[in-house]
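Okay, here's what each chain looks like letter by letter:
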Amino acid sequence: MQRKQGYLITAYKDYDALYELISFLSEEDKVFVHVDKKSTEIGEKEISELNELKNCTAISLYSVAWGSYNHVRAFLALLDMACKDEEISYLHFLTGEDFPVYSPQQIHERFVDEEHLYLNYIEEKDFNEAVQKRYRYYNFFPNKNAKNPVLRQLQNVIAGVQKIFGVNRKSLGEFDTIYKGLVYVSIPSDAGRDILSYVKNHPEYEKALYRCQLPEEFFFHTILLNETFCNGKWKKLIVDKDLRYMNWDRGDGASPVYLAEEDMPALMTGDWYFARKFHGGDSNSLKERIVEKFW
(Lines give C-alpha, C1' and ligand atoms only; values in the text may rest on other atoms or scores of the structure.)
Protein backbone atom coordinates (compact mmCIF):
# COMPACT_ATOMS: atom_id res chain seq x y z
CA MET A 1 0.00 0.00 0.00
CA GLN A 2 1.33 3.41 -0.99
CA ARG A 3 1.83 5.73 1.97
CA LYS A 4 0.66 9.31 1.74
CA GLN A 5 0.52 12.44 3.83
CA GLY A 6 -2.71 14.18 4.78
CA TYR A 7 -2.95 17.96 4.75
CA LEU A 8 -5.67 19.31 7.06
CA ILE A 9 -6.57 22.86 6.01
CA THR A 10 -9.01 25.36 7.51
CA ALA A 11 -9.93 28.26 5.22
CA TYR A 12 -12.39 31.11 4.89
CA LYS A 13 -11.20 33.44 2.12
CA ASP A 14 -8.98 33.96 -0.95
CA TYR A 15 -10.38 31.11 -3.00
CA ASP A 16 -7.84 31.41 -5.82
CA ALA A 17 -4.92 31.02 -3.41
CA LEU A 18 -6.63 28.09 -1.68
CA TYR A 19 -7.28 26.38 -5.01
CA GLU A 20 -3.65 26.88 -6.01
CA LEU A 21 -2.39 25.49 -2.69
CA ILE A 22 -4.58 22.39 -2.89
CA SER A 23 -3.66 21.82 -6.54
CA PHE A 24 0.00 21.68 -5.56
CA LEU A 25 -0.41 19.52 -2.44
CA SER A 26 -2.89 17.04 -3.90
CA GLU A 27 -0.56 15.99 -6.72
CA GLU A 28 1.48 13.91 -4.27
CA ASP A 29 -0.72 13.52 -1.19
CA LYS A 30 -4.29 13.93 0.09
CA VAL A 31 -5.95 17.16 1.21
CA PHE A 32 -8.87 17.63 3.60
CA VAL A 33 -10.35 21.13 3.77
CA HIS A 34 -12.86 22.77 6.08
CA VAL A 35 -14.36 26.01 4.79
CA ASP A 36 -15.84 28.41 7.33
CA LYS A 37 -19.62 28.14 7.02
CA LYS A 38 -19.99 31.92 7.18
CA SER A 39 -17.42 32.57 4.43
CA THR A 40 -18.58 35.13 1.88
CA GLU A 41 -15.80 34.24 -0.57
CA ILE A 42 -16.00 30.43 -0.70
CA GLY A 43 -19.49 29.11 -1.24
CA GLU A 44 -21.12 25.88 -2.40
CA LYS A 45 -19.92 26.33 -5.99
CA GLU A 46 -16.30 26.71 -4.91
CA ILE A 47 -16.53 23.79 -2.46
CA SER A 48 -17.84 21.61 -5.29
CA GLU A 49 -14.88 22.67 -7.43
CA LEU A 50 -12.48 21.73 -4.66
CA ASN A 51 -14.08 18.30 -4.34
CA GLU A 52 -13.48 17.75 -8.04
CA LEU A 53 -9.74 18.17 -7.55
CA LYS A 54 -7.59 15.07 -7.35
CA ASN A 55 -7.16 13.74 -3.79
CA CYS A 56 -9.18 16.56 -2.20
CA THR A 57 -12.16 16.39 0.16
CA ALA A 58 -13.78 19.70 1.13
CA ILE A 59 -16.46 20.21 3.78
CA SER A 60 -18.17 23.14 5.50
CA LEU A 61 -19.68 22.20 8.85
CA TYR A 62 -18.99 25.03 11.28
CA SER A 63 -19.09 28.79 11.50
CA VAL A 64 -15.59 29.59 12.74
CA ALA A 65 -14.95 32.87 14.56
CA TRP A 66 -11.38 33.82 15.47
CA GLY A 67 -10.31 31.91 18.58
CA SER A 68 -13.56 29.97 18.82
CA TYR A 69 -14.09 26.35 19.83
CA ASN A 70 -15.53 25.65 16.41
CA HIS A 71 -12.02 25.87 14.98
CA VAL A 72 -11.13 22.87 17.17
CA ARG A 73 -14.26 21.09 15.93
CA ALA A 74 -13.29 21.79 12.33
CA PHE A 75 -9.84 20.26 12.82
CA LEU A 76 -11.31 17.26 14.63
CA ALA A 77 -13.66 16.66 11.69
CA LEU A 78 -10.75 16.81 9.25
CA LEU A 79 -8.63 14.62 11.50
CA ASP A 80 -11.38 12.03 11.65
CA MET A 81 -11.62 11.87 7.84
CA ALA A 82 -7.87 11.65 7.37
CA CYS A 83 -7.37 8.99 10.02
CA LYS A 84 -9.98 6.75 8.42
CA ASP A 85 -7.79 6.62 5.32
CA GLU A 86 -5.32 3.78 5.84
CA GLU A 87 -2.94 5.15 3.21
CA ILE A 88 -2.20 8.26 5.25
CA SER A 89 0.82 8.01 7.53
CA TYR A 90 1.58 11.65 8.40
CA LEU A 91 -0.47 14.82 8.92
CA HIS A 92 0.15 18.56 8.60
CA PHE A 93 -2.29 21.14 10.00
CA LEU A 94 -2.38 24.23 7.76
CA THR A 95 -4.44 27.29 6.87
CA GLY A 96 -5.64 28.37 3.45
CA GLU A 97 -3.07 31.18 3.63
CA ASP A 98 -0.08 28.81 3.87
CA PHE A 99 2.36 27.90 1.11
CA PRO A 100 4.96 25.12 0.96
CA VAL A 101 8.57 26.29 1.08
CA TYR A 102 9.74 23.10 -0.62
CA SER A 103 7.97 21.28 -3.41
CA PRO A 104 5.17 18.91 -2.35
CA GLN A 105 7.25 16.01 -3.64
CA GLN A 106 10.20 17.02 -1.44
CA ILE A 107 7.92 17.38 1.60
CA HIS A 108 6.37 13.99 0.85
CA GLU A 109 9.77 12.30 0.71
CA ARG A 110 10.86 14.03 3.94
CA PHE A 111 7.82 13.25 6.10
CA VAL A 112 5.81 10.34 4.75
CA ASP A 113 7.75 7.89 6.95
CA GLU A 114 8.46 10.35 9.80
CA GLU A 115 7.76 9.17 13.37
CA HIS A 116 8.33 12.46 15.21
CA LEU A 117 5.81 15.16 16.07
CA TYR A 118 6.75 18.78 15.35
CA LEU A 119 5.15 21.48 17.49
CA ASN A 120 6.29 24.49 19.45
CA TYR A 121 5.00 24.48 23.01
CA ILE A 122 5.04 26.34 26.31
CA GLU A 123 4.48 24.62 29.66
CA GLU A 124 2.10 26.03 32.26
CA LYS A 125 4.90 27.10 34.60
CA ASP A 126 5.97 29.61 31.93
CA PHE A 127 2.50 31.07 31.25
CA ASN A 128 1.92 34.72 31.97
CA GLU A 129 -1.23 35.87 33.77
CA ALA A 130 -3.09 36.63 30.53
CA VAL A 131 -2.62 33.05 29.28
CA GLN A 132 -3.63 31.58 32.65
CA LYS A 133 -6.90 33.53 32.54
CA ARG A 134 -7.86 31.78 29.29
CA TYR A 135 -8.53 28.48 31.07
CA ARG A 136 -8.81 29.34 34.76
CA TYR A 137 -12.06 31.25 34.23
CA TYR A 138 -15.04 30.05 32.21
CA ASN A 139 -15.55 31.59 28.78
CA PHE A 140 -19.25 32.30 28.18
CA PHE A 141 -18.70 33.20 24.51
CA PRO A 142 -17.00 30.04 23.15
CA ASN A 143 -17.93 30.63 19.51
CA LYS A 144 -17.66 34.38 19.32
CA ASN A 145 -14.76 36.38 17.91
CA ALA A 146 -12.17 36.58 20.69
CA LYS A 147 -10.75 39.75 19.13
CA ASN A 148 -14.02 41.65 19.52
CA PRO A 149 -13.09 44.47 21.94
CA VAL A 150 -16.55 44.67 23.52
CA LEU A 151 -16.69 40.93 24.19
CA ARG A 152 -13.12 41.00 25.44
CA GLN A 153 -13.97 43.65 28.01
CA LEU A 154 -17.12 41.80 29.01
CA GLN A 155 -15.19 38.55 29.42
CA ASN A 156 -12.66 40.37 31.61
CA VAL A 157 -15.48 41.61 33.82
CA ILE A 158 -17.00 38.13 34.05
CA ALA A 159 -13.57 36.65 34.84
CA GLY A 160 -13.18 39.21 37.64
CA VAL A 161 -16.52 38.17 39.12
CA GLN A 162 -15.51 34.49 38.90
CA LYS A 163 -12.26 35.31 40.70
CA ILE A 164 -14.21 36.94 43.53
CA PHE A 165 -16.28 33.77 43.91
CA GLY A 166 -13.20 31.56 43.97
CA VAL A 167 -13.32 30.06 40.49
CA ASN A 168 -9.81 28.92 39.57
CA ARG A 169 -9.59 25.96 37.20
CA LYS A 170 -6.15 24.37 37.40
CA SER A 171 -6.74 21.33 35.20
CA LEU A 172 -8.30 20.50 31.86
CA GLY A 173 -10.13 17.20 32.16
CA GLU A 174 -7.74 14.78 33.83
CA PHE A 175 -4.65 16.80 32.95
CA ASP A 176 -3.13 18.83 35.77
CA THR A 177 -0.25 20.03 33.60
CA ILE A 178 -1.35 22.28 30.76
CA TYR A 179 0.56 23.11 27.58
CA LYS A 180 -0.08 25.57 24.79
CA GLY A 181 1.12 26.40 21.31
CA LEU A 182 -0.14 27.13 17.82
CA VAL A 183 -2.61 24.56 16.54
CA TYR A 184 -0.70 24.16 13.28
CA VAL A 185 1.30 21.03 14.04
CA SER A 186 2.77 18.07 12.12
CA ILE A 187 2.14 14.60 13.56
CA PRO A 188 1.99 10.92 12.56
CA SER A 189 -1.51 9.75 11.68
CA ASP A 190 -1.33 7.17 14.47
CA ALA A 191 -1.00 10.02 16.96
CA GLY A 192 -4.09 11.55 15.37
CA ARG A 193 -5.99 8.29 15.82
CA ASP A 194 -4.98 8.16 19.48
CA ILE A 195 -6.19 11.74 19.95
CA LEU A 196 -9.57 10.92 18.41
CA SER A 197 -9.90 7.84 20.58
CA TYR A 198 -9.03 9.82 23.70
CA VAL A 199 -11.53 12.57 22.93
CA LYS A 200 -14.27 10.02 22.25
CA ASN A 201 -13.64 8.24 25.56
CA HIS A 202 -13.11 11.40 27.64
CA PRO A 203 -15.96 13.82 26.90
CA GLU A 204 -15.02 15.77 30.01
CA TYR A 205 -11.90 17.00 28.20
CA GLU A 206 -13.89 18.60 25.39
CA LYS A 207 -16.32 19.99 27.95
CA ALA A 208 -13.44 21.68 29.80
CA LEU A 209 -11.84 23.05 26.62
CA TYR A 210 -15.15 24.37 25.33
CA ARG A 211 -15.14 26.98 28.09
CA CYS A 212 -11.56 28.17 27.47
CA GLN A 213 -10.53 31.22 25.53
CA LEU A 214 -8.47 30.32 22.44
CA PRO A 215 -8.99 26.59 23.12
CA GLU A 216 -7.15 25.55 19.94
CA GLU A 217 -3.86 26.60 21.57
CA PHE A 218 -4.37 24.14 24.44
CA PHE A 219 -6.34 21.28 22.92
CA PHE A 220 -3.79 19.15 21.08
CA HIS A 221 -0.69 20.21 23.01
CA THR A 222 -2.11 19.35 26.44
CA ILE A 223 -3.09 15.87 25.28
CA LEU A 224 0.13 15.03 23.46
CA LEU A 225 2.57 16.40 26.05
CA ASN A 226 1.11 14.72 29.11
CA GLU A 227 2.74 11.47 30.25
CA THR A 228 -0.65 9.92 31.05
CA PHE A 229 -1.69 10.09 27.39
CA CYS A 230 -0.77 6.74 25.79
CA ASN A 231 1.80 6.24 28.58
CA GLY A 232 3.90 9.06 27.18
CA LYS A 233 4.71 7.29 23.91
CA TRP A 234 4.06 10.42 21.84
CA LYS A 235 5.64 12.88 24.26
CA LYS A 236 9.05 11.27 23.84
CA LEU A 237 8.78 11.72 20.07
CA ILE A 238 7.90 15.43 20.18
CA VAL A 239 10.36 17.90 18.68
CA ASP A 240 9.89 21.42 20.04
CA LYS A 241 10.08 23.02 16.62
CA ASP A 242 7.68 24.79 14.29
CA LEU A 243 8.01 23.79 10.62
CA ARG A 244 6.14 26.94 9.54
CA TYR A 245 7.81 30.30 9.00
CA MET A 246 5.83 33.27 10.33
CA ASN A 247 6.76 36.90 10.84
CA TRP A 248 5.34 38.38 14.05
CA ASP A 249 7.60 41.42 14.12
CA ARG A 250 6.23 43.83 11.51
CA GLY A 251 2.71 43.98 12.94
CA ASP A 252 1.27 44.38 16.41
CA GLY A 253 2.64 41.05 17.65
CA ALA A 254 -0.84 39.59 18.13
CA SER A 255 -0.91 37.83 14.75
CA PRO A 256 1.67 37.02 12.07
CA VAL A 257 1.78 39.51 9.21
CA TYR A 258 1.28 38.83 5.52
CA LEU A 259 4.61 37.86 4.03
CA ALA A 260 6.45 39.76 1.32
CA GLU A 261 9.72 39.54 -0.59
CA GLU A 262 11.59 40.98 2.37
CA ASP A 263 10.98 37.66 4.17
CA MET A 264 13.03 35.71 1.64
CA PRO A 265 16.35 35.97 3.56
CA ALA A 266 14.73 34.45 6.66
CA LEU A 267 13.27 31.63 4.57
CA MET A 268 16.69 30.93 3.09
CA THR A 269 18.44 30.71 6.45
CA GLY A 270 15.83 28.73 8.40
CA ASP A 271 14.74 25.11 8.38
CA TRP A 272 11.19 25.75 7.21
CA TYR A 273 8.82 23.53 5.22
CA PHE A 274 5.80 25.84 5.11
CA ALA A 275 5.22 29.57 5.49
CA ARG A 276 2.25 31.76 6.37
CA LYS A 277 0.48 34.09 5.80
CA PHE A 278 0.18 34.89 2.08
CA HIS A 279 -2.28 37.32 0.53
CA GLY A 280 -2.11 39.72 -2.39
CA GLY A 281 0.57 41.03 -4.72
CA ASP A 282 3.61 41.19 -2.45
CA SER A 283 2.90 37.69 -1.16
CA ASN A 284 2.48 36.37 -4.71
CA SER A 285 5.90 37.73 -5.63
CA LEU A 286 7.36 35.87 -2.67
CA LYS A 287 5.63 32.65 -3.77
CA GLU A 288 7.27 32.98 -7.18
CA ARG A 289 10.69 33.40 -5.58
CA ILE A 290 10.12 30.39 -3.29
CA VAL A 291 9.24 28.17 -6.24
CA GLU A 292 12.23 29.43 -8.21
CA LYS A 293 14.69 29.00 -5.32
CA PHE A 294 13.53 25.89 -3.43
CA TRP A 295 11.41 23.78 -5.76
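Right, let's walk through the structure included here. (Residues numbered from 1 in each chain as written. Predicted model: local features only at pLDDT ≥ 70, side-chain atom pairs only at ≥ 80, totals over all residues. Heavy atoms only, no water.)

Two descriptors summarise a pair of aromatic rings, namely the distance from one centre to the other and the angle between the planes of the rings. Applying the stated criterion to the full structure yields 27 aromatic pairs. Look at F24 and F99: their rings are 5.9 Å apart centre to centre, the planes differ by 85 degrees, and that puts the pair in the edge-to-face class. Pair noted here: F24 is in helix α1 (residues 15-25) and F99 is in strand β5 (residues 98-100), with a separation of 75 residues, a long-range link. Its relative accessible area of 28% is what places F24 among the partly exposed residues. What links up through ring pairs into an aromatic cluster is the set Y69, F75, F93, F175, Y184, Y198, Y205, Y210, F219, F220 and F229. (Phe/Tyr/Trp six-rings, centres within 6.5 Å; stacked < 30°, edge-to-face > 60°. Helix = DSSP H or I, 4+ residues; strand = E, 2+ residues; numbered from the N terminus. Buried < 20%, exposed > 50% of the residue type's maximum accessible area, 1.4 Å probe, protein only.)

On to the packing of helix α3 (residues 69-83) against helix α8 (residues 203-210), then. It is at 10 Å that the axes of α3 and α8 come closest, and there the two elements cross at 145 degrees. The segment α3 lies against α8, with Y69, R73 and L76 engaging E206, L209 and Y210. Taken together, the residues of the contact of α3 with α8 break down into 4 nonpolar, no polar and 2 charged. (Axes fitted to C-alpha atoms, helices over the stretch in contact; angles between N-to-C directions. Contact = heavy atoms within 4.5 Å. Nonpolar A, V, L, I, M, F, W, Y, C, P; charged D, E, K, R; others polar.)

The subject of this paragraph is the sheet that holds β5. Read across the sheet, 3 strands follow the order β5-β12-β11 without closing on themselves; strand pairing throughout is mixed. Edge positions in the sheet fall to β5 and β11 (244-245), since each of these pairs with one other strand and no more. The sheet contact formed by β11 and strand β12 (residues 274-276) spans 2 bridges and is parallel. Bridging from a neighbouring strand, R244 pairs with F274 of β12. (Pairing = 2+ DSSP bridges.)

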